[in-house]
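Geometric and topological summary
Listed below are the residues making up each chain.
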Amino acid sequence: MNLQNPPNSGDSLALTYLNDFEARTVEAIAERIIPADGAAGGATQAGVVYYIDRAISGFSTGLQRVYRLGLRELERFCKQEHSASFVDLTAQQQDDVVRRLYGKETGGDETVHPEGLARPAMERQEQGNEGSESPGGINLELLHTFFMVVREHTVEGYFCDPIYGGNRDAVGWRLVGFPGAQWGYTAEQMRPGFDATQIPTKTLSDLRRELKNLPNNEQFYTDGEK
Amino acid sequence: MPSKKTDVVVLGAGAAGAIVASELAQGGVKVVCLDKGPHYSDEDFRLKHDEIRYYARGAIVPHMSTDPMTWREGNKDAATLLPWVSGPLGTANPLHLAPSLGTGGGSIHWGGACWRFRESEFRMKSIIEERLGKKALPEGSTLEDWPISYQDLEPYYDRVEWELGISGRGSNLVGEPQPGDNPWEAPRRRDYPMPPLRQGPADHRFADACSRLGFHPFRTAAAIASEPFKGRSGCTYCGYCHGYPCHVNAKTSTHVAALPAGLASGNLEIRDFCRAYKINRSNDGRRVLGVSYYDPLGRSVDLEADQVVVACYALENARLMLASGINRNGQVGKNYMTHAFGFFMGLTPESSNPFMGPLVASTAIEDFSGELVHDYDPTVLWGAPIISWPGDFQPLEIAQAMPGNAPKWGAGFRDWMRDNYTRIWAMYSQTANIPTQETYVDLDPHQKDKYGQPALRMTHGWGEVDKRGVEFLLKQKRKIAQEMGLLASWEETTAPEYHLSTHEVGTHRMGDDPATSVVDIFGRSHECENLFVIGGGQFPGYHGYNPTQTLQALAYMTSDHMLDRPFHRSVGGNGN
C-alpha cells in the first residue's frame, strides 16, 4: 500500500449496520429531506447514509431497531399504497410519502418530544403503546418516529465533520458558507462585511495535520492593523 | 473499602469546587477532590472543533442514562425524565442540561459570560416591596434579600477577575471621575486585567442601533482571555465556544485557571471518575465524617475527612444532601430558581459570519436591568440586561433553531439554510423566576440512577410575573431588531419549554437564620458544622445575570473563611 496516498476512507461505500437495500432506501429518504438542486449537492452526494450507518452501528446502537423495523414497515406501506418499493417511487411520490409519515415541509408538527426520552425510541414503542394503525395494519406511529429519526440524522450527516462519514467534500458546509474547523479568525476576517467565502474550508483532519506545526495564536488575538 | 483520611474532601472540580480545592491546597491543607468525570489535560481539547461530538452527542455533559433527572410543572403532576433535553435521537441539547462533568465542570463548556450583580440586586425583595408594594410579589413567594451586600462581595469579584482572568472594560472605577459606557455599573476598585474581546461581526450593528435608540451599550465582560494571561493564550475566535472546551486555554475554565496552582502545591490530589453518593455523619448528626463514593471500577470507597465541601452544582448538591438525610429544617431543595432566555434570533441584511468568535464577543445594555425596569413598566417586577449574541453558531445548532414556520425538510429547508445561515444573529436576556413554595427540587420517589441512587425531581413552572418579565424584554428586542434593520426575526415564547438552563440556583439557600436557610454566608451547613455546600445553590434571590462570577466570588469567600482569613461584612448578622 502506498502510504503517501492512503485510500480515502471518506469515500468508502462499505456499510457497518444497514444492508444494501436498507441503505439505498435510507439514502433515498435523506435525498428527499435535503435534495440536490444542481448547483449544490444534496444528502446523497454528501454521503449522509454513511453517517447514519456509522451512527447506528456505533454511538446510537439503541436506534438500530427503529431503522430495521421502520424500514420494514415503510416497505409494507409503500407496497400497499403504491405497489412499489420506496426507492422505486418517483421523487414526487416519495415526497408524498414523507409528507404523510413525517409531516408537511412547512407548518407541520413542531418537533415532538416523545415520552421516555433517554431510551431509544423503539423501546418506547414497545412499552404498551400499540400506536395508531392504518386500515391495512400499518403502524403509522412507528413510521412517524422513524421519519423523525431519519430527519434528525440526515441534518446531522449533512453538516457533520466529514470524519463521521457524511458531509463529503464538505458539501453541506460549502452550501451554507461555513468554513468548518478553523483554528481561529483574524481581526481582518471578523471585520463586518468580510467575504468569508475566501477562507479555505478546513476539516478536523486538516487541523490534526497541522498540530505538529501549530499556528501562532498572536495572529488571531491581536488586532493587527491598529 | 476505606481510603486514607484527608483534611478536606471537595466534591466536584468545577467552577466553584476547583477554586476551593486549589486555594485550600495552596494554604497548606491536604485536599482530595473527587469528580464524576475525567481529569482533563491540555491535549484533550486541541481538536474540539466538532459539532457532532460536543453539541449533538453531548460528549462532556451528563446524560439521562447516567444522571437521570425528572421534572413536573406543578406539585400535583407526575414527573417525567426531562422532556426538553432529548430530541428524536435520544441525545441531549447541552444548553439545557446540568453542566459538564470532569475537572473544570461547567466552566469548560460555558459561554464565559461574566457579570457582577449590581448593588440593588442584593436587595431585590426589599426594593420590589418598597417601590411596588408588599402585594407585588406573587403569592407563595419565598424570595429573600441577600445576607451580604455588594460591598461585601466586591473584593471577591475583583479576585475572580484578576486571579482567574476576565476580559472587559469597567465603567465605574472608584476614584475615576469619568464614567464609562455603562452608567449603572456598580463601583469597582480597579478595571479588568484584560481589555474586552474583539466584537463579533454583527455586534456593531446591535451597538449602533442601541445608541440610536438612546440606550447605553457597553462591552460584555468575558471569562475568555483577550490577550495572553498567566501563561494561557489569548482567544483565537474559532467560534466553537459555548458547549465546547477551549483548544488554546483562553477560556477561563477552572481546570486550567485554578487547579494547576493547587496541584503545584503538592497538597491536592484529584481522583477522577469518582462518584460521591453519600455524605457520612456522626451519630448525633452534627458533624460529617467524610463521604462514600464509587471509584472508577464501581467499588464503593469510604473516605474520611475533617471537613467536606460539596460543590457539585445547585442540583446535585441538593440531591446529595437529601440522599444523605441532611435536611433537618426541610429547606434543602427549596427556592429553586433558573433563567428564561427570551431568545430572539434574526437575519442581518449583510453577512454576519456567525461562525466567528465566542458568543460573549458582544455588547449589552442595562437600561432595563433590575429595578430600572419599573420606570418603564411597574407591572414588571425585575428586569435584566439585553445582550447581543453575535457568533459561536455552527450549522447544526442553527438548523435546530430555525423559525417555526421555516421548512423542516425538502428544497425549502436546504434553501433556508443556504440563504440564511451566514446572516444569523441573536440577542437574549436572562430573567429569573421568582422562587415560590412550588419551585423546588426533591428526590424522585420512583426514578433511580444506575447505581440505585434516587434521581432528582424538579418541580417548576413559569409564573405569570416571570412571563411578564420575558415579554417586556421581548418588546424591547423587537424595537432594537427594527432599528437594526433585521430582515426577519423569531423569538422564544415567554414560558419556554425548558426549566433548566445551566443557570440553576437557590437550592441550598444561604442566610443567618438556621431555621429558614441551609448554609451561612460562607456556605457552612447550619446542620453539620464541618460541612460546606457551595455554588449557585447559595443564592437567596436571582437576577438577570449569569451566575458564575458571583458563585466563584463566594467560593473565594468560603476558601478564605476555611483558612481563617478575615471577612469584612457591612450588613446584618442577625437574620435576613
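Residues numbered from 1 in each chain as written. Chains lettered and ligands numbered in written order. Predicted model: local features only at pLDDT ≥ 70, side-chain atom pairs only at ≥ 80, totals over all residues.

A look at the overall build of chain B
Counting secondary structure elements, chain B contains 13 helices and 21 strands. At 22 Å, chain B has a C-alpha radius of gyration in line with the 25 Å of a compact globule built from 576 residues. Within chain B, buried positions represent 62% of all 576 residues. (Helix = DSSP H or I, 4+ residues; strand = E, 2+ residues; numbered from the N terminus. Rg over C-alpha atoms; globule rule 2.2 N^0.38 Å. Buried ≥ 20, exposed ≤ 12 C-beta atoms within 10 Å, placed from the backbone.)

Topic: the overall build of chain A
The number of helices and strands found in chain A is 9 helices and 0 strands. Burial statistics for chain A: of 226 residues in total, 41% are counted as buried. Contacts spanning at least 24 positions in sequence make up 61% of the contacts within chain A whose residues lie at least 6 apart. (Contact = placed C-beta atoms within 7 Å.)

A short note on unusual backbone geometry
Residues and elements named next belong to chain B. Its identity as a non-glycine residue notwithstanding, Tyr237 has a phi of 60°, on the positive side. Residue classification places Tyr237 among the buried positions, given that 28 C-beta atoms sit within 10 Å. One non-glycine residue, Asn353, lies in the positive phi region at around 40°. Looking at the element boundaries, Asn353 is found in the loop between strand E13 (344–347) and strand E14 (363–365).

Some thoughts on the packing of helix H3 (residues 64–82) of chain A against helix H6 (residues 140–159) of chain A
Residue and element names in this part refer to chain A. Direction vectors running N to C along H3 and H6 enclose 120°, while the axes themselves pass 9 Å from each other. Here H6 runs oblique to H3, going by the angle between their axes. The two elements H3 and H6 cross, and the hand of that crossing is left-handed. Where H3 abuts H6, its residues Val66, Leu69, Gly70, Glu73, Leu74 and Phe77 lie against Leu142, Leu143, Thr145, Phe146 and Val149. Of the residues that constitute the contact of H3 with H6, the class distribution is 8 nonpolar, 2 polar and 1 charged. (Axes fitted to C-alpha atoms, helices over the stretch in contact; angles between N-to-C directions. Parallel < 35°, antiparallel > 145°, perpendicular 65-115°, else oblique. Left-handed = near helix turned anticlockwise from the far one by under 90°. Nonpolar A, V, L, I, M, F, W, Y, C, P; charged D, E, K, R; others polar.)

Describing the sheet that holds strand E6 (residues 218–219) of chain B
Sheets are built from strands that pair by backbone hydrogen bonding, the pairs being arranged parallel or antiparallel. Residue and element names in this part refer to chain B. A sheet is described by the order of its strands in space; here 6 strands give the open sequence E6-E14-E15-E16-E13-E20, paired in antiparallel fashion. A single partner strand is all that each edge strand has here, and the edge strands are E6 and strand E20 (488–491). Alignment of E13 against E20, held across 4 bridges, turns out to be antiparallel. Residue pairing in the sheet places Gly346 in a bridge with Ser489 of E20. (Pairing = 2+ DSSP bridges.)

Quick notes on the sheet that holds strand E4 (residues 80–81) of chain B
All names here are of chain B. If you walk across this open sheet you meet the 4 strands as E4-E3-E19-E18, and the pairing is mixed. On the outer flanks of this sheet lie E4 and strand E18 (440–448), each paired with one strand and no other. Where strand E3 (residues 69–72) and E4 come together, 2 bridges link them in antiparallel fashion. The partner of Trp71 across the bridge, within E4, is Thr80.

Points about the interface of chain B and chain A
In this assembly, 58 residues from chain B lie in contact with 64 residues from chain A. Mapped onto the side of chain B that touches chain A, the elements with two or more residues apiece are helix H2 (51–56), E4, helix H10 (395–399) and helix H11 (411–420) of chain B. Per-element accounting of the side of chain B that touches chain A gives the leading share, 6 residues, to H11(B). Counted by class, the side of chain B that touches chain A contains 28 nonpolar, 21 polar and 9 charged residues.

Side note on H11(B)
Every α-helical turn comprises 3.6 residues, leaving residues that sit three or four positions apart pointing alike. Among all positions in H11(B), only B:Phe413, B:Arg414, B:Met417 and B:Asn420 are buried. Angular distribution of buried residues about the axis of H11(B) spans 165°; they occupy a single face of the element. Tucked inside the fold, the buried residues of H11(B) contact helix H7 (171–176) of chain A together with E13, H10 and strand E16 (424–428) of chain B. (Arc of directions from axis to C-beta.)

Some thoughts on the nonpolar core
By size, the foremost hydrophobic cluster in this structure holds 233 residues, and its most contacted members are B:Val9, B:Val10, B:Leu11, B:Val20, B:Ala21, B:Val31 and B:Val309. A per-element tally of this core places H6(A) first, with 10 residues. Ignoring anything within four residues of it in the chain, the contact list for B:Ala21 reads B:Val10, B:Ala13, B:Val31, B:Cys33, B:Gly262 and B:Leu268. (Core = buried A, V, L, I, M, F, W, Y, C linked by C-beta atoms within 7 Å.)

Re H3(A)
All names here are of chain A. The first and last C-alpha atoms of H3 sit 26 Å apart over 19 residues, in line with the 27 Å expected at 1.5 Å per residue. Buried within H3 we find Val66, Tyr67, Gly70, Leu71, Leu74, Phe77 and Cys78. Viewed end-on, H3 has its buried residues packed into an arc of 130°, placing them on one side of the element. Following H3 by one or two positions, Ser83 adopts a phi angle in the positive range, close to 55°. (Expected span 1.5 Å × (residues − 1).)

Some remarks on the packing of helix H1 (residues 17–26) of chain B against helix H13 (residues 548–562) of chain B
Residue and element names in this part refer to chain B. Packing of H1 against H13 brings their axes to within 9 Å, and their N-to-C directions diverge by 30°. With respect to H13, the axis of H1 lies roughly parallel. In terms of crossing hand, the pair formed by H1 and H13 is right-handed. Across the interface between the two elements, Ile19, Val20, Glu23 and Leu24 of H1 pack against Gln552, Ala555, Tyr556, Thr558, Ser559 and Met562 of H13. Per-class residue counts for the contact of H1 with H13 are 6 nonpolar, 3 polar and 1 charged.

A word on the confidence of the model for chain B
Predicted coordinates in areas of low pLDDT are best not read in detail. Confidence along chain B averages 96 in pLDDT terms, with 99% of residues attaining 70 or more. We note a pTM of 0.95 for the whole complex and an ipTM of 0.95 for its interfaces. (pLDDT = per-residue confidence, 0-100.)

Re the pairing of strand E2 (residues 31–34) of chain B
Residue and element names in this part refer to chain B. In E2, alternate side chains face the same way, and those of Val31 and Cys33 on one face and Val32 and Leu34 on the other are all buried. Alignment of strand E1 (residues 2–11) against E2, held across 4 bridges, turns out to be parallel. If you follow Leu11 over to E2, its bridge partner there is Leu34. Pairing of E2 with strand E8 (residues 268–271) involves 4 bridges; the strand directions are parallel. Paired with Cys33 across the strands is Ile270, a residue of E8.

Some remarks on the environment of B:Gly383
All names here are of chain B. The residue Gly383 is located in the loop between E14 and strand E15 (386–389) in this model. Classification of Gly383 as buried rests on a count of 26 C-beta atoms within 10 Å. C-alpha separation for the pair Gly383 and Thr431, spaced 48 residues apart in sequence, amounts to 7.0 Å. Contacts of Gly383, omitting those with residues within four sequence positions, involve Phe368, Ser369, Gly370, Leu372, Val373, Gly469 and Gly544.

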